[in-house]
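Secondary and tertiary structure notes
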Amino acid sequence: MGKGEKKVAIVGAGQCKFGRRMDASYRELAYEATHKAFEDSGLTPKDVQYSVIGVAGAEFFNGQLAPAAAAADYCGLNPQGSMRVEAACATGSAAIRVAYGTILSGLADIIMVLGFEKMNEVPTARAVEALGRGGDAQWEFNWWGTTFPAFYALMATRHMHDFGTTEEQLAKVAVKSHKYGALNPYAHMQKAITLEEAMKSRVIASPLKLYDCSLITDGAAAVIMASASIAKKICDTPVWITGLGCASEGEYFAAKPSYVGLNSAVEAGRQAFKMAKIELKDVNVADVHDCFTIAEIMALEDLGFVKKGDGGKFVEEGQTYVGGKIPTNVDGGLKAKGHPIGATGVSMAAEITKQLRGEADEGRQVSKAEYGLTHNVGATGQYAYVHIYTR
Ligand SMILES: CC(C)(COP(=O)(O)OP(=O)(O)OC[C@H]1O[C@@H](n2cnc3c(N)ncnc32)[C@H](O)[C@@H]1OP(=O)(O)O)[C@@H](O)C(=O)NCCC(=O)NCCS
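Source: prediction; values computed, not measured.

Criteria and thresholds
Sequence order as written defines residue numbering, which begins from 1 separately in each chain. With the structure being a predicted model, the display of local features is reserved for residues of pLDDT at least 70 and the display and counting of side-chain atom pairs for 80 or more, all residues being used for whole-chain, interface and lining totals. Only hydrogens and water are removed before side-chain values are computed, so all heavy atoms of the structure are retained for them. Pairing between strands is defined by DSSP: at least two bridges between the two strands are required. Secondary structure elements follow DSSP: runs of H or I of four or more residues count as helices, runs of E of two or more count as strands, with numbering from the N terminus. Axis lines are fitted to C-alpha atoms, over the contacting stretch for helices. Their N-to-C directions set the angle, which ranges from 0 to 180 degrees. Two aromatic rings from Phe, Tyr or Trp, using only the six-membered ring of Trp, form a pair when their centres are within 6.5 Å; if the ring planes differ by under 30 degrees the pair is stacked, by over 60 it is edge-to-face, and anything between is tilted. Think of it in three bands: with a 1.4 Å probe and only protein chains considered, a residue is buried below 20% of the maximum accessible area for its type, exposed above 50%, and partly exposed in between. We call two residues in contact when some of their heavy atoms are within 4.5 Å.

Thoughts on the sheet that holds strand β7 (residues 218-227)
- Taken in spatial order, the nine strands line up as β3-β2-β4-β7-β1-β8-β11-β10-β9 in an open sheet, and their pairing is mixed. What marks the edges here is a single partner per strand, and that holds for β3 (81-85) and β9 (285-287). The sheet shows a mean angle of 25° between the axes of neighbouring strands, direction not considered.
- In terms of strand pairing, strand β2 (residues 50-54) meets strand β4 (residues 110-118) through five bridges, oriented parallel. Opposite Ser51, over in β4, you have Met112 as the bridge partner.

Here is the structure:
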C-alpha cells in the first residue's frame, strides 16, 4: 500500500469535445473546458488564485503570441495572474507539475491548470510540418524532412527487428483505442474499427498506417488543483497527486541512446514511483502517450508494466483492456480521443480523476480503481512526465 504524501489534489476536472472544431476559436474551447471544471468543483473564476496554461504552438496554428493571456482573459480568470507553459506534446503535464510546485511553495492555494490547442486552423500538411520542427529543426528537419510519423516509423522498424513485434500487434493497439473512443462522448473519433480496417488503412510512413497515428485535434482540458487543507473543504473526493517524475533527452534523433524506448520516460517513471512509494502492481489504470501505436507499446515497456520487447504480445493478449493487467488509454488515447498537443496532458489528468472517482463512462470504467498513472511525452522524449494519482 502506498504512502505517498497527499499535499496537492485535483478538485475539479473537465474538457471540451475534442475534434475538428471549426465551430469554435481556441478561446472558446478554453472556455468550455474551464467551465466544465468549474461546474465539476462548484468553484467560480473568483476562487482561482493563479492559472498555469499549457499551449504548445498557438503562434504557428493561430497566429497568436501570448496565447495563455488571451485565453485567461476570455475564461474570466483575470485579474489574478497567469503564466504559459510549453513542453511540446507534454505541455499539459508540465503545467500540472508547475501548479503542484506553486501550491507547495505557498504562493497559491487554488490553481486553474488549462491546456489547449487549436490545430486545424492550418491544413494538415502545415500541421505535420510544425510538429516535425519539434525535432531538430536545424539539421534533421531541414535536410531530411523528418516528421513525427517518420520518427516513430523508424522506432517501430527497430522494435520489429529486435523483438519480432508485428504490424498486427500495432493495429491491435488502435482497435482497442477506437473501441474505447467510441464510448467516450468527448473523443475526436467515436468509431470502433476492426483489425482488418486498421491493417488495410493507407500507409503514412511504413510500417505505420493511418490507424497507427494519433489525430490532429482541436481541444482543451482543465483541472483545478488545490492545497491539502483547502481541497478537503472543497470536495469529498479529492484526487491526490502523490508521485511526479520528469526527465529529458536530446532532440537529435540520429544520436538517440535507444530506438526501442525512451530513456527519459524510463527515468520519469522511476522518479514518480519512488515519490509515490507504490509499486507497478498497485496501478489500476493508465493513460500513456500513444502518439503512434508503437509508442503505446514502448510506454508500457518503459514504465515496466511488461518486459522490454514483450509489449506486442502483451497487447495481443488483451492486457490493456478493462479487465486486463493494466487498462491503458481506455478513454480512446491520443489515437481516438485525439491529441490537441497543449491539452493532452491535462486531458489525461482529467480522465484519471474521473476514473478514480468512479465517474468514467459505462463500458470503460475500471472497477474500484485506486491508483492511476499518466505518461506524457514531448517530441521523441525531449520531455517526459509521469504522474501518479490516488483517491
Ligand atoms: C496521419 C496523418 C498524416 C493523416 O493526415 P492526412 O492524410 O492529411 O489526413 P487528413 O487530415 O487529410 O484527413 C483525411 C481523412 O482521414 C481521417 N484521419 C486523419 N488522421 C487520422 C488518424 N490519425 N486516424 C484515423 N483517421 C484519420 C480524417 O478524419 C479524414 O477522414 P474523412 O475524409 O472521413 O473526413 C495525420 O493525422 C498526422 O500527422 N497524425 C500524427 C499527428 C502527430 O504527429 N502528432 C504529434 C505526435 S508526437
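Looking at the packing of aromatic side chains
- Applying the stated rule across the entire model yields ten aromatic pairs.
- With a centroid separation of 6.1 Å and 80° between ring planes, the pair formed by Tyr31 and Tyr74 is classed as edge-to-face. Remark: Tyr74 occurs in helix α3 (residues 67-74) and Tyr31 occurs in helix α1 (residues 26-41); sequence separation between them is 43 residues.
- Judged by its relative accessible area of 39%, Tyr74 falls in the partly exposed class.
- On the numbers, 6.5 Å between centres and 35° between planes, the contact of Phe148 with Tyr152 is tilted.

Regarding the side chain of His375
- Note on placement: His375 falls in strand β10 (residues 371-378).
- With relative accessibility at 3%, the residue His375 sits in the buried group.
- Every residue in contact with His375, bar those within four places of it in the chain, is listed here: Ala265, Asp287, Val288, His289, Ala299, Leu303, Met348, Tyr385 and Val386.

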